[in-house]
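Coordinate analysis (summary)
Spelled out, the chains give:
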Number of protein chains: 2
Amino acid sequence: MRHVSYPPHTFDDLCTGARFESQARVVSREDIATFARVSGDLTALHTDETYAARTPLGGLVAHGVLILAVATGLAYELGVFEGTVLAVQSMEVRYERPVRPGDSLQLCLDVQALDARPRADRGRATFGVQVRNQDGRIVLSGAWQLLLRRASAPGGS
Amino acid sequence: MRHVSYPPHTFDDLCTGARFESQARVVSREDIATFARVSGDLTALHTDETYAARTPLGGLVAHGVLILAVATGLAYELGVFEGTVLAVQSMEVRYERPVRPGDSLQLCLDVQALDARPRADRGRATFGVQVRNQDGRIVLSGAWQLLLRRASAPGGS
């Protein structure tokens, strides 16, 4: 388990423009095989080395949704949401570049919008999401909307 | 491996309004644990039975991105994309209801838009996505944009 870089945040601890940078994580061949099994997506580009080597990509690539899954794991490790997230409401995701076994991914979250209206005990936060590879190139971008506990709510910090 | 209900489709085999209904798949406690490991998202609501039992949800729930991952696996089993998908470009996803261990999920895809312009050998298809549980209630909805091979392309049917 890597170090959690930030303490838990309630909705009220966030401000628009705040940025959070995760540690890096390598995506392995085994991660891709595990994800193929748990998702059931056995598309040859993700599971058949020989087939994948003959495509323009030249080898196995990670499922797009695996990149997204790794991004949520990096967000967990950041600790930004731990103990304060009530629900993930929606995600918009663009898959910008392929991710290959051995690539190292890093997540950047920035607070794009804060809406305190839903209920007194919770607010809706929109995070811009970017995942970069070891060359600093964006492989996934998008936005996530989450409901976060407010400081005034029971269990809030 | 369940029966693949539809033959492969190139871009040119699709028409706006076409619908594809998958088989059902149960999401198990083990699936949630496996997804927690591969994603790295160990949020207590997905991993700690005792904690989850004390929340308003009353027990463990699946990660939202696991529901999405299962949807891609059900799409794979439909065979709609097999051999013709060149890239998944983007996804919009709304998490509508929690999914609990033992819930059975079914995917419905419908062709919302077809754009033949990107290149002569490929077209962009937008699919509306709905995942329902065993009670017929929507747990995930959204849209996926994919680049699909055209019948005229090398390797197309």
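Above this text sits the structure in question.
In this text, all values refer to a predicted model and were calculated from it rather than measured experimentally. (Residues numbered from 1 in each chain as written. Chains lettered and ligands numbered in written order. Predicted model: local features only at pLDDT ≥ 70, side-chain atom pairs only at ≥ 80, totals over all residues. Heavy atoms only, no water.)

Overview of the pattern of salt bridges
In a structure, side chains of opposite charge can pair up when their charged atoms sit close to one another. We count it as follows: Salt bridges, as used here, are contacts in which a Lys or Arg side-chain nitrogen is within 4 Å of a carboxyl oxygen on Asp or Glu. Secondary structure follows DSSP: runs of H or I at least 4 residues long count as helices, runs of E at least 2 residues long count as strands, and numbering of each begins at the N terminus. Per-residue accessibility, obtained with a 1.4 Å probe over protein chains only, is compared with the maximum for each type, and a residue is labelled buried under 20%, exposed over 50%, and partly exposed between these values.
Tallied over the full model, the rule gives 14 salt bridges over all chains. Among the ionic pairs, A:D12 bridges to A:R150, the shortest N-O distance being 2.4 Å. With A:D12 in the segment before strand 1 (19-26) and A:R150 in the segment after strand 5 (138-149), the pair connects residues that are 138 residues apart, well separated along the chain. Here B:E96 ties to B:R94 by a salt bridge, and the two come within 3.7 Å at their closest N and O atoms. Residue class for B:E96 comes out partly exposed when judged on its relative accessible area of 40%.

What to know about helix 4 (residues 64-78) of chain B
All names here are of chain B. Our working definition: Take the number of residues in a helix, subtract one, and multiply by 1.5 Å to get its expected span.
Here helix 4 contains 15 residues, and its C-alpha end-to-end distance of 21 Å stays within 8% of the 21 Å for a straight helix at 1.5 Å per residue. A large share of helix 4 lies buried, amounting to 14 of its 15 residues. Positive phi appears at G79, one or two residues downstream of helix 4, with a value of about 80°.

Let's talk about the relation of the copies chain B and chain A
The criterion, for reference: Overlaid copies result from least-squares superposition on C-alpha atoms, with residues included only where pLDDT is at least 70 in both. Contacts are assigned to residue pairs that have any heavy atoms within 4.5 Å of one another.
Screw-axis analysis of chain B against chain A gives a translation of 0.0 Å along the axis, an RMSD of 0.0 Å, and a rotation angle of 180°. The transformation just described matches what one would write down for a two-fold rotation axis. Distance from the rotation axis, computed per C-alpha, reaches its smallest value in chain B at B:E92: 2.2 Å. A share of 100% of interface residues in chain B that are also interface residues in chain A marks the association as one of identical surfaces.

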